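Fold and geometry: a report
Spelled out from the first residue to the last, the chains are:
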Amino acid sequence: MIDFTLSDEHHLLEQSIREWGAREVLPYIHDNDRAHRFDRERILGGMATLGLLGISIPQEYGGAGMDYIALGVASEELEYLDTSLRVIMSVHAGLNCLSLLSWGTEAQKQRYLVPQAQGTKISGYGLTEPGAGSDARHIQTTATKRGDRYILNGEKTWISLANVADHFLVIAWTDAEKKKQGDPSGMTAFIVERTFKGFSSGAMKEKWGILAGDTGFFKMDDVEVPEENILGTLGEGFKIAMFSLDQGRYTVAAGATGLVRACRDASVKYARERKTFGVEIGQHQLVKEMIAGMESDYQSARLLWLRAGWMKNQGMRNTRETGLAKWFATVASEKAASDAVQIHGANGYSDEYPVGRFFRNCKAAVIYEGTREIHKLMQADYLLGYRTDRPTRCVLPPHTGDVKG
Ligand SMILES: Cc1cc2nc3c(=O)[nH]c(=O)nc-3n(C[C@H](O)[C@H](O)[C@H](O)COP(=O)(O)OP(=O)(O)OC[C@H]3O[C@@H](n4cnc5c(N)ncnc54)[C@H](O)[C@@H]3O)c2cc1C
């Protein structure tokens, strides 16, 4: 049975993020954005206190034990405030923590997942490289076995929280022959700590969106990683990278839905305040059209991520549905942000109003975690029978009981 009502716990979560956001985020976001400042203490401290950093991680591993709908609710509410906050959910809670939960050994969960879920350690995800984004099979990072360690060399770029995270999930080639053939079964996933010798990171200096967030690169120069830091088994790296994206894309979908809502609400407010030709601009049909479009996109995007979250709760494979939700919501957020600026006229072209920030922030999500074009191709390939999802050795634990785990 499908139930579209959120539970009391979900509403409480929504409410607590709204109250915290009104107090701790909105008064500062304009200045942090303008200053390109990641307000680490206020944001990460607040999110940890709210239990968001381990929201869907079971309580036995230091998390809040909430279901995957709660992860979506949090992502939607956080991006309503600012995209930089939802990015933290995507890379830390989605791409990294849920992969550790699903593929990690008990020792890895105790060492890495517990502090991450508690928010005392932050985590990131390193797949993209200067020469390989969509074409992840052509990454160059290598991991060479030496005794009971692997020596990692390579560079990961456009990495969210690159200068903030303590632990990274890193995908590297462990099989030189398969690397030459581009066979992804030669890739392995590693847990790499920032403190490992030979690890260094820096910021993307010319970035023009998500300015209150941290985006950078990291380099690995003969970084020694103990064998026990392999996530999954040797050769499972590409599968884990794709599995991680199923979780990250879900948070991007829900987040972009929140951004559509933020554009809608700002536009409604402005359309009731601004007058032209003797009436509120909301009275003009062409303005109504843009606002109505935001509402239909918001409601549709929300249903799509809710379906994906429901499937996750049931333990159903959801790569296709999550991809569709991500594609639809991110494209919708781009349109909503552009229309929101349009509705604000010249004022929209200034940072005096939030819609300019929404406009700069929305674009990245149409690029990361599968570009618009890659998602289009994926959906067409499912329909045409060129693509099917094979079962993976490890799966996301279902969450069919009470919200509390
Ligand atoms: C703000 C931000 C944060 C990010 N955070 C992370 C992170 O934390 N970790 C991480 O690993 N990566 C991260 N990324 C990187 C992101 O995942 C990549 O940028 C993305 O995968 C696209 O790769 P690319 O930039 O190399 O573009 P390319 O792959 O070079 O694509 C360029 C263009 O060509 C198109 N294209 C490519 N191949 C095809 C095809 N087969 N058919 C049709 N069109 C195609 C693309 O759609 C795109 O329009 C982040 C990116 C941004 C902008």
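Residues numbered from 1 in each chain as written. Predicted model: local features only at pLDDT ≥ 70, side-chain atom pairs only at ≥ 80, totals over all residues.

1. Section: the site of the ligand
The ligand sits among 22 residues. The nearest are T128, G133, S134, T371 and E373. Secondary structure elements with two or more residues in the shell around the ligand: β1 (123-126), β3 (149-160) and α11 (372-384). Of the residues in the shell around the ligand, the class split is 11 nonpolar, eight polar and three charged. No fewer than three residues from each of domain 2 (124-238) and domain 3 (246-384) sit in the shell around the ligand. (Near = placed C-beta within 6 Å. Helix = DSSP H or I, 4+ residues; strand = E, 2+ residues; numbered from the N terminus. Nonpolar A, V, L, I, M, F, W, Y, C, P; charged D, E, K, R; others polar. Domains from an automatic or database assignment.)

2. Brief notes about helix α9 (residues 319-343)
The α-helix advances 3.6 residues per turn, and as a result positions three or four apart in sequence lie on the same side. Taking 1.5 Å per residue, 25 residues should reach 36 Å; α9 reaches 36 Å between its end C-alpha atoms and fits that length. Counting buried positions along α9 gives 20 out of 25 residues, so the element sits mostly inside the fold. Once α9 ends, the next one or two residues include G345, with phi positive near 55°. (Expected span 1.5 Å × (residues − 1). Buried ≥ 20, exposed ≤ 12 C-beta atoms within 10 Å, placed from the backbone.)

3. Description of the packing of helix α7 (residues 237-273) against helix α8 (residues 285-314)
It is the contact of α7 with α8, at a shortest axis distance of 9 Å, that shows an interaxial angle of 155°. Judged by the inter-axis angle, α7 sits roughly antiparallel to α8. In this structure, α7 meets α8 at a crossing whose hand is left-handed. Of the residues in the contact of α7 with α8, the class split is 17 nonpolar, three polar and five charged. (Axes fitted to C-alpha atoms, helices over the stretch in contact; angles between N-to-C directions. Parallel < 35°, antiparallel > 145°, perpendicular 65-115°, else oblique. Left-handed = near helix turned anticlockwise from the far one by under 90°.)

4. Let's talk about the environment of A203
Structurally, A203 can be placed in strand β6 (residues 199-203). Since 14 C-beta atoms lie within 10 Å of it, A203 is described here as partly exposed. In sequence terms A203 and I17 are 186 residues apart; their C-alpha atoms lie 28 Å from each other. Once residues within four sequence positions are removed from consideration, A203 is found in contact with N163 and G216. (Contact = placed C-beta atoms within 7 Å.)

5. Describing helix α2 (residues 40-49)
Among the residues making up α2, those that are buried are I43, L44 and M47. Buried residues in α2, looked at end-on, bunch into an arc of 85°, giving them a common side. Those residues of α2 hidden inside the fold are in contact with α4 (83-103). Within two residues after α2, G51 carries a phi angle of roughly 80°, on the positive side. (Arc of directions from axis to C-beta.)

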